[in-house]
Amino acid sequence: MTMTVHVDIVSAEKEIFSGLAEMIFAPAELGEVGISPRHAPLISRLKPGEVRVKVSETEVYPFYISGGMLEIQPHLVTILADTAIRAKDIDEAAAIEAKTRAEEALSDKSGKIDFTAAQAQLQEAVMQLRTLDRFRKRGS
Amino acid sequence: MAVGKEIRTKIGSIKNTQKITRAMEMVAASKMRKTKDRMLATRPYSKKIGQIIRHLAQANPEYKHTFLIEREVKRVGIIVISSDRGLCGGLNSNLFRKTLSQIIQWEQTNIEVDICTIGAKAFGFFGGLKANLIGHVAKLGDTPHQHDIVGIIKLMLDAYLEGSIDELYVVSNEFVNTMTQKPTFEKLLPVVAHELEPRLNGHWDYIYEPDAKEVLDHLLTRYVESIVYQGLVENNACEQAARMVAMKSASDNAGNIISELQLIYNKARQASITQEISEIVAGAAAV
């Protein structure tokens, strides 16, 4: 039997996932981390991106998160997301629209816009689309 | 017929009151469902962040964050969460009584108290006392947002960082079920290991990414915000539940009074009819 670790993913609005997994991938501040059972304790901030929970060899659940915190205990992994969406629930049209809007805002050189905010929005939209894209590729 | 005019107007006015209380009961019932859903939705997050913080309190970090260090207590800060409106039974007064008895206890040991209030009722109560009120927000409505309370929390956290308060508490009502709401006193800062918590063995510390100070600052601020926010959302659900119950018993009481008055009125009416008949009969007999 393979080793498993308990994973909880909660967003500010609801509990998204709770259960056992063989491995978890999360977009930590300093690059993506893969977490196996009995990982050393770790706390990190998360960037917008894709969280993948590998429940078994054939079952992988992808989620999109917009940033948050990650806590690892040897027997327990907790992901506190600001917002989290299951990959299949991502609204593609809205994400594309957000991306275009953010790009427009960034190319507007009049200096009226909040550069960092626009950049953060762009990153979120791009990561949503990327998560969805990968989800589809795996699905087919 | 002039009989029982006063009683009739009285019955009329009580009926009007009953209509109002019944309407309020129904409004509260439907609002309670919504606020309760909201409370249950945000509960997992605050539970989890609380769990992480309790783990953190058991770690042996190289970097000691101010929020994790216990100091000698000279002054404490309290955030009191109440409702904006009254007519919700003993909800607010129970909470204030509990808070007040704690404050008196502190004062006896020469510990001073700073108070921040959320909600108009708490402001009215503690503003009327000679309490040291340092911050206040109200009128957050049924759907409060996290950014509404960030300011007041920052005020308290800054006071803690400066060392002007040495402990931070939050007081609010806990939603047990529709009939019961429990006033609770929760210590937010400093974060100390809970006695009842299962121990995580050994001498260990977290790996922090990117670095300890930044991560802990972020996490601990987030923790306080989320606990206070949860308290606020929970208090909202309590308010609606308490109001529903209070208004239900008010409507029931009005119903009782109405039936009593109706009985008195009927008796008086019957007595006057009987009297009239006997007068007529007596008059006829005299002719």
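Every chain's residues receive numbers from 1 upward, in the order its sequence appears when written. Whichever chain is written first becomes A and whichever ligand is written first becomes 1, with later ones labelled in order. Residue-level local features of this predicted model are given only where pLDDT is at least 70; pairs of side-chain atoms are given and counted only at 80 or more, and the full residue set underlies all totals for whole chains, interfaces and linings.

**With respect to the overall build of chain A**
- Along its length, chain A carries two helices and ten strands.
- Going from the N terminus to the C terminus, chain A shows its helices and strands as β-β-β-β-β-β-β-β-β-β-α-α.
- Along the first, second and third principal axes, the C-alpha atoms of chain A reach 60 × 35 × 25 Å.
- Each residue is classed by its C-beta neighbour count within 10 Å, where at least 20 other C-beta atoms makes it buried, 12 or fewer makes it exposed, and intermediate counts make it partly exposed; the C-beta atoms are placed from backbone geometry. Per-residue burial for chain A yields a buried fraction of 34% across its 140 residues.
- For chain A, contacts bridging at least 24 residues in sequence account for 52% of all contacts bridging at least 6. To qualify as a helix, a DSSP run of H or I must reach at least 4 residues; to qualify as a strand, a run of E must reach at least 2; elements of each kind are numbered from the N terminus. By the criterion used throughout, residues are in contact when their C-beta atoms, derived from the backbone, lie within 7 Å.

**Considerations on helix H4 (residues 146-162) of chain B**
All names here are of chain B.
- Between the first and last C-alpha of H4 there are 24 Å, a value that for 17 residues agrees with the 24 Å anticipated at 1.5 Å per step.
- In this analysis the local bend is the angle between axes fitted, respectively, to the seven residues ending at and the seven residues starting at the residue. By the largest-angle criterion, isoleucine 152 marks the main kink of H4, which is about 30°.
- Among the residues of H4, Ile149, Ile153, Met156, Leu157 and Tyr160 are the ones counted as buried.
- Once H4 ends, the next one or two residues include glycine 163, with phi positive near 95°. Multiplying 1.5 Å by the helix residue count minus one yields the expected span of that helix.

**Overview of the pairing of strand S6 (residues 49-54) of chain A**
All names here are of chain A.
- When you tally the buried positions in S6, you get five out of six residues, the bulk of the element.
- Two strands pair if DSSP finds at least two bridges between them. By the bridge criterion, three bridges tie strand S3 (residues 23-28) to S6 in an arrangement that is antiparallel. If you follow isoleucine 24 over to S6, its bridge partner there is valine 53.
- One ladder, built from six bridges, connects S6 with strand S7 (residues 60-65); its direction is antiparallel.

**Observations regarding the sheet that holds strand S2 (residues 112-118) of chain B**
All names here are of chain B.
- Here we have five strands laid out as an open sheet, ordered S3-S2-S1-S4-S5, and mixed in their pairing. Since the sheet does not close on itself, it has two edges, and those belong to strand S3 (132-137) and strand S5 (181-189), each with one partner. Going across the sheet, the axis of each strand differs from the next one's by a mean of 20°, ignoring polarity.
- Where helix H2 (residues 91-108) meets the sheet, it contacts strand S1 (75-81), S2, strand S4 (167-175) and S5, and its direction lies at approximately 40° from that of S5. Fitted lines through C-alpha atoms give the axes, limited to the stretch in contact for helices. The angle between two N-to-C directions lies from 0 to 180 degrees.

**What about the interface of chain B and chain A?**
- Across the boundary between the two partners, chain B contributes 17 residues, which contact 21 residues of chain A.
- Top element by residues in the side of chain B that touches chain A is helix H1 (residues 5-58) of chain B. It accounts for eight residues.
- Residues are grouped as follows: Ala, Val, Leu, Ile, Met, Phe, Trp, Tyr, Cys and Pro are nonpolar; Asp, Glu, Lys and Arg are charged; all remaining types, including Gly, are polar. Looking at the side of chain B that touches chain A, its residues break down into twelve nonpolar, three polar and two charged.
- With three bridges connecting them, strand S5 (residues 42-46) of chain A and strand S6 (residues 207-209) of chain B associate as parallel partners. When the sheet's bridge partners are listed, Ile43(A) is paired in S6(B) with Tyr208(B).

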